[in-house]
Structure formats: C-alpha cells, structure tokens
Amino acid sequence: MSINLTSGQLAKLTLLTEGGEAKIYEYKNNNLIKIFKPHIDIRRKEEKVKKIVSGKMPSNVYGPIEVVTVNNKFAGYVMKKVENAEVFHQLVKKKYLKTYQITNKDVLELMVDAGKTITAFHKSGGLIGDYNDYNIMMKGNKSFFIDVDSWGISDTLKPDAYTETFMDPKAMRSNGSVVFSLEAEHYNFAVLSFNMLTRLHPFGGTYVKDENMTTMDRMKKNISVLGNNKITIPKIIPSWDWMSPQLKTEYQEIFEKGKRQSILGSLEELTDNLQYCNTHQMYYFSKYKECPMCNSNAKVAEPPVIVKVTTTKKNTISIVFEAQDVRILLNNRQYVNTNNEVVHIQSKRKMKLERGKMVDFTSDGKFAFVVGSNTITIYDENDKLHSTLERMHKTPYVVKGNYLYFVDKTGTLLKTQVTPNGNIASNIGQVFNPLFAVSDIGETFIGSFYPKKAIIKINNYNFEVNYNGKIREYAIKQDVVSKKWLFIYQLPSGKYRTMVFGNRVVEYDEEMISYEANPLSNICFYKETICIPGNGKITMINYVKNLTKEIPCNVVKEDSKLSYANGVFEITNEDKIYQFGG
C-alpha cells in the first residue's frame, strides 16, 4: 500500500516538527507523515520501510504503516500518532515524577513493558540500535516506540543510528563504526533501564580521582556507580537498594565485568515482588524481611536528615511560604496540592491537574492555562472556557503577567495578551525547534536550533552559534542588573556549555563549569554571577573575575530553585519557600 502525493499537496500539510533526517507532517485519520531529507540514503530507507510495512510489528511500535511517494518517487511513510504521550526522558526528572505521583513501581512496569517489546523484536531477528530515552514514549504504564526506520530488520538491513551514552563501548570501533549485535543490545537496555529506574546514568556522578573524565571514558574503563566508592552521587538521587540483589548483581556484572545478558527476567521478578514502604514512600523487593532503607542491617544509606532552619551572624533563613496541602511546589507562583489540583498561591485559585498536561495562571490568577501537547486552553476567572489556542507540538511556552508567549502551528512565536474581551496577539517572529525565555521586564531570548547551528536572537540582533546534537537540559536566564543573557546547555558528552550574551557580542563561551542543579534551570544569574544550588550550599561563580565561592545554607538542595535580588536569595524547595540573606 502507498500514498501518492504531489509536492504541492505535501506543501499544504501542517509541519509538526523537523530533525536532522526528516520532517514530520500532520495527516488525516490521526496519522503522521515522515518525509526524509535529500541527504539521507533514500534507497536504503525505501528498502527498509517497505520491509517493515509488509511485515508485522507489535501494536506499540509506531513505525511505517504505508509508503509515501512524492511526485511518484519514494519519500517517506505514514505512521500512527501517539496522542498525549510523553518521552521516557521525563522519568529522570524528580519534579515530574512527584507532580504526577509516578512511583518507582510505575517506572519499573514501563521498563518491563518496553523490554518485552524489544525481546519480541529480537526473536524476529531484528535489532534496535538506537537506545535512548527520547525514542520511547509512554502513556500511563504502556510504552510506545518511535523512530523505527533506524532499526535493523535483517543482517543486510542493520540499524542506522546509535546514541553514544547508551551504546556498548565494546561494540564501538576506533574509526567511529559500530558492530551491532544482540549482546550489545543487552548492554544498551541495561543502561537505559538503570537510568530510568534511578534517575542517574550508571556512569554518572563525579569520579573523584579524575573529575574531567567523561561518561564515555568511564564506560570504556568500566567505572560505574555500582562498585566504585570514589564516585560522588548527587544527594537528590535516591538509593537503588530497593532493587532485588539479583538485579543489582546483574547490573554490576554488565557495567563492570564485561558480561552481556538480558536483565528482563530480573526486572519481571522484581515487578512481581514489590512491597510499599510508607516511611520512604516507595516500593522495595518484598523478599527482604524489612524495607532495606528502614533496616540499617540492609546496608542502605540513610535517607537525608531534615535540617532545622538556623540563623548565622550574617545571613538569616526564614520561611516565606508553606501550606498544609502542598504536595509539590512547581515554582514560587503555584503548587500541586494533595487533591491533585494546581493552586495559584496569590489568588488561591485551583485547577484540576491531568497527567500529560500542565496548568499555569496569569499573575493575578484571573486566567488559567491548561497546556497540552498541541493546544493551550484558557479559562476565565469563573472557570468558563475563554479560548483555545493551537500550538506547535510540545514547544515551550512562557507566562509573564497577563501575557502568554507560545509558538503557533506555523512556527510563529506570539506574544498574546489575555483580556476578558479576547486575546490580543502580536507576532515576534518565525522560529525553528525553538527554546526561548522572557525576562521580568519583557525582554526575550529566542533560540532556533537547526541541525548544525543555532540562531540566537536578542534585542533584534542575531547571533550564529555552532551547535550539534540534542539539547536535553538547559537554562536561560537574564541578569537584571547588566541585562546580559546566560545560556547553558548539556553537551552529548555530559559536559556543559556556558555562554553569556552581551550587547551584540558573546562575552563568555566555555565548557569548564559543571553544575549540580537538577534541573539545570534552577540556577539564577545576577550581577554577572551564576548561582548554583547544591547539597547544603550555594556556589557562586563570577565568570568575569574568574572567582568562585560557596555559601553554606542548610535548606538548599540540588533540586532547589534559586532567585536573587537585593542581597537576598529566594529558595523554592518541594514544600516550602525560604528567604536567605542579610
């Protein structure tokens, strides 16, 4: 079966997103069309796509279902659209897990579901190749696979892609090629599953003996977090001793001893034998006589001690917000309560939270925004429908005061004022794979990210920045004093690139600074100083003076959100907001 389009018909379709290999368009009957770009080996793709279409894939594999030709030449394929699904990468975000009440049992069930699909594909003679937490989607406790055209179908049609930090180093050759095999796939899935279950890459943390050693270097040298006590692990990463001894042993054998076995059986055994600990609010392997984090004999690290607020001679700590019904603070404007509602702190207005969506409010709370993958629905102060805006799929949005900044389906960044009588939209400009931020005074930082370069627009001036890879974590902040912009993103190697944009010049561009903040956007930027939350401290880096100092503060953690003004830090934790300063 095939669908034949003319180039004119293709041009009329709505472009949903674009990557280095292809463009994705919306199509009828809740389907998508993927059109490959000219530089792709189109003959190989055609052979592989036709083989997938003629064969059978599991129902949760969203691959080619029909061939697409444009002007009678092979161009791509039709695939199903996964509605209201999110990428696996969300599972490494603590705030996401807590906001939507996702437990370690839920994550475990997702990994088992994904593992069963992968095993079934392996039995058919295929190989996945490109394991990463962006190629698998989730909806509830079910997994869905995308980017299937890169999979290997046979010995002659091997995988087309891989992600370094998930790839077996034994399979990688010095010339950059990879030997795909079932043994390598066992390693790849072990890395992915450990990462999702613990929120930490098995070769993450900081290697004390050599802090500059990259993730890839440690993978090659078998220096994982499981058997090496010279690795510092972020305090916000929970212990993985809730796992069964067998699963932990298998992980260590794979990561450190060169073994290559499937861990699916141990994952399934753990899933079938779980018990809930009310103290730690997580599940553990039920064949332990007690919760291993409650029983000191189980040799599990004690949970973090809740420190009391203290006063120093120079700096005082005070609580500026707390509430009995807080489940998790999203930011200093709103929180999720125990009834699964998002509460606007100033006005006390509440809106029900649905999984896969977010809720935001104007500064006065009179308008509420329910943000889905493709739409932003606005409700007035009486909870009546005000309007619905279509946005480009899962692009960023920002609410500042009574203004909403978002990208519409045509790729236009709009500044929209919401009023009782309707919306007043102004066009800021066209964007591509955008990241953007808006300062408190309404200035914008707009980044369009193409396959090999980024265009950063600040105050109507364009910066062209060399860029390659996929941005996973980033922070964009404006210094309210100097009006400079800070942009940090994580490189594929695990290092961070730190850039400061001044008046028509990039003032700073280095890869020397590392960050404890989780997520990275929790840092703040003030008077040319980057302020980073850590475990019981705030690290302050002045990139101009090349000076670093640490300020002890016992209410700060790696996942605290910082802001700073007039000598006072505001620290937003999971359940309270503090002020810290003189």
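Position numbers for residues start from 1 in each chain and track the written sequence from start to end. Local features in a predicted model are, by the rule used here, given only for residues with pLDDT of at least 70; side-chain atom pairs are given and counted only at 80 or more, and totals for whole chains, interfaces and linings are based on all residues. By convention in this description, side-chain values take in all heavy atoms of the structure and omit both hydrogens and water.

Regarding the overall build of the protein
Elements are defined by DSSP. Helices are runs of H or I of four residues or more, strands are runs of E of two residues or more, and each kind is numbered from the N terminus. Looking only at helices and strands, the protein features 8 helices and 41 strands. With C-alpha atoms as the basis for the radius of gyration, the globule rule is written as 2.2 Å multiplied by the number of residues raised to the power 0.38. Against the compact-globule benchmark of 25 Å for 582 residues, the protein has a radius of gyration of 25 Å, which places it among compact chains. Each of the three principal axes of the protein carries a C-alpha extent, and together these read 70 × 65 × 50 Å. Taking all 582 residues of the protein together, the buried fraction comes to 53%. Sequence-distant contacts in the protein: of pairs separated by 6 or more residues, those separated by 24 or more amount to 48%. Computing the positive centroid from 77 side-chain charges and the negative centroid from 62, the protein places the two 1 Å apart. Note on classification: 1.4 Å probe, protein chains only; a residue is buried when its accessible area is under 20% of the maximum for its type, exposed when over 50%, partly exposed between these limits. Throughout, a contact is declared for two residues whenever any of their heavy atoms are within 4.5 Å. Counted charges follow a simple rule, with Lys and Arg positive, Asp and Glu negative, and His plus the chain ends left uncounted. Every charge is mapped onto a representative atom, which is NZ of Lys, CZ of Arg, CG of Asp or CD of Glu.

Points about the packing of helix 4 (residues 104–123) against helix 5 (residues 182–198)
Under this scheme, a helix contributes an axis fitted over its contacting stretch, all axes are lines through C-alpha atoms, and angles between N-to-C directions fall in the 0 to 180 degree range. Between helix 4 and helix 5, the shortest axis-to-axis distance is 10 Å and the interhelical angle comes to 165 degrees. Relative to helix 5, helix 4 is oriented roughly antiparallel. Where helix 4 crosses over helix 5, the two elements pack in a sense that is right-handed. Taking contact as the criterion, the partners of N104, V107, L108, M111, G115, I118 and H122 in helix 4 are, on helix 5, L182, E185, F189, L192, S193, M196 and L197. Should an angle lie under 35 degrees it is considered roughly parallel, over 145 roughly antiparallel, and from 65 to 115 roughly perpendicular; all remaining angles are considered oblique. A clockwise turn of the near helix away from the far one marks a right-handed crossing, whereas an anticlockwise turn of less than a right angle marks a left-handed crossing.

Observations regarding the pattern of salt bridges
Should a side-chain nitrogen of Lys or Arg be within 4 Å of a carboxyl oxygen of Asp or Glu, the pair is scored as a salt bridge. Tallied over the full model, the rule gives 34 salt bridges. For the salt bridge of K45 with E21, the shortest nitrogen-to-oxygen distance reads 3.8 Å. You can see K45 sitting in helix 2 (residues 42–54) and its partner E21 sitting in the loop between strand 2 (15–18) and strand 3 (22–27), a full 24 residues away along the chain. Residue classification places E21 among the partly exposed positions, given a relative accessible area of 33%. Between E464 and K453 there is a salt bridge; the shortest N-O distance is 4.0 Å.

Some remarks on helix 5
Between its first and last C-alpha, helix 5 extends 24 Å over 17 residues, near the 24 Å set by a 1.5 Å rise per residue. For helix 5, a buried count of 15 out of 17 residues is recorded, marking the element as mostly surrounded by other parts of the structure. Every helix has an expected span of 1.5 Å times one less than the residues it contains.

Section: unusual backbone geometry
Residue P519 is bonded to the preceding N518 through a cis peptide linkage, with omega at 5 degrees. Checked against the element boundaries, P519 lands in the loop between strand 34 (506–510) and strand 35 (524–526). At D147, a position not held by glycine, the phi torsion is positive, near 55 degrees. Relative to the helices and strands, D147 is located in the loop between strand 9 (142–145) and helix 5. With a phi angle near 40 degrees, N433 is a residue other than glycine that sits in the positive phi range.

Description of the pairing of strand 39 (residues 561–565)
Inspection of the sheet shows strand 39 paired to strand 40 (residues 568–572) by 5 bridges, in the antiparallel sense. In the strand pairing of strand 40, Y564 is matched with F569. Following DSSP output, two strands are said to pair if at least two bridges run between them. Counted between consecutive antiparallel strands, the loop separating strand 39 from strand 40 contains 2 residues, among which N566 sits at a positive phi close to 55 degrees.

Observations regarding helix 4
The end-to-end C-alpha distance of helix 4, which contains 20 residues, comes to 28 Å, matching closely the 28 Å that a straight helix rising 1.5 Å per residue would cover. Counting buried positions along helix 4 gives 14 out of 20 residues, so the element sits mostly inside the fold.

A few points about the sheet that holds strand 5 (residues 66–70)
The mixed open sheet is built from 6 strands, whose spatial order is 1-5-6-4-3-2. At either end of the open sheet lies a strand with only one pairing partner, and these are strand 1 (2–5) and strand 2. Each adjacent strand pair in this sheet contributes to an overall mean axis angle of 25 degrees, direction not counted. Direction of pairing for strand 3 relative to strand 4 (residues 31–36): antiparallel, over a ladder of 6 bridges. Residue pairing in the sheet places Y27 in a bridge with N31 of strand 4.

Notes on the sheet that holds strand 35
The strand order across the open sheet built from 4 strands is 35-36-37-38, with neighbouring strands paired in antiparallel fashion. With one partner strand each, in any of the chains shown, strand 35 and strand 38 (547–552) form the two edges of the open sheet. Mean inter-strand twist for the sheet, computed between neighbouring axes without regard to direction, equals 25 degrees. Bridge analysis of strand 37 (residues 537–542) against strand 38 gives 6 bridges, and the strand direction is antiparallel. Each residue of the ladder has a partner; that of I541, found in strand 38, is T548.

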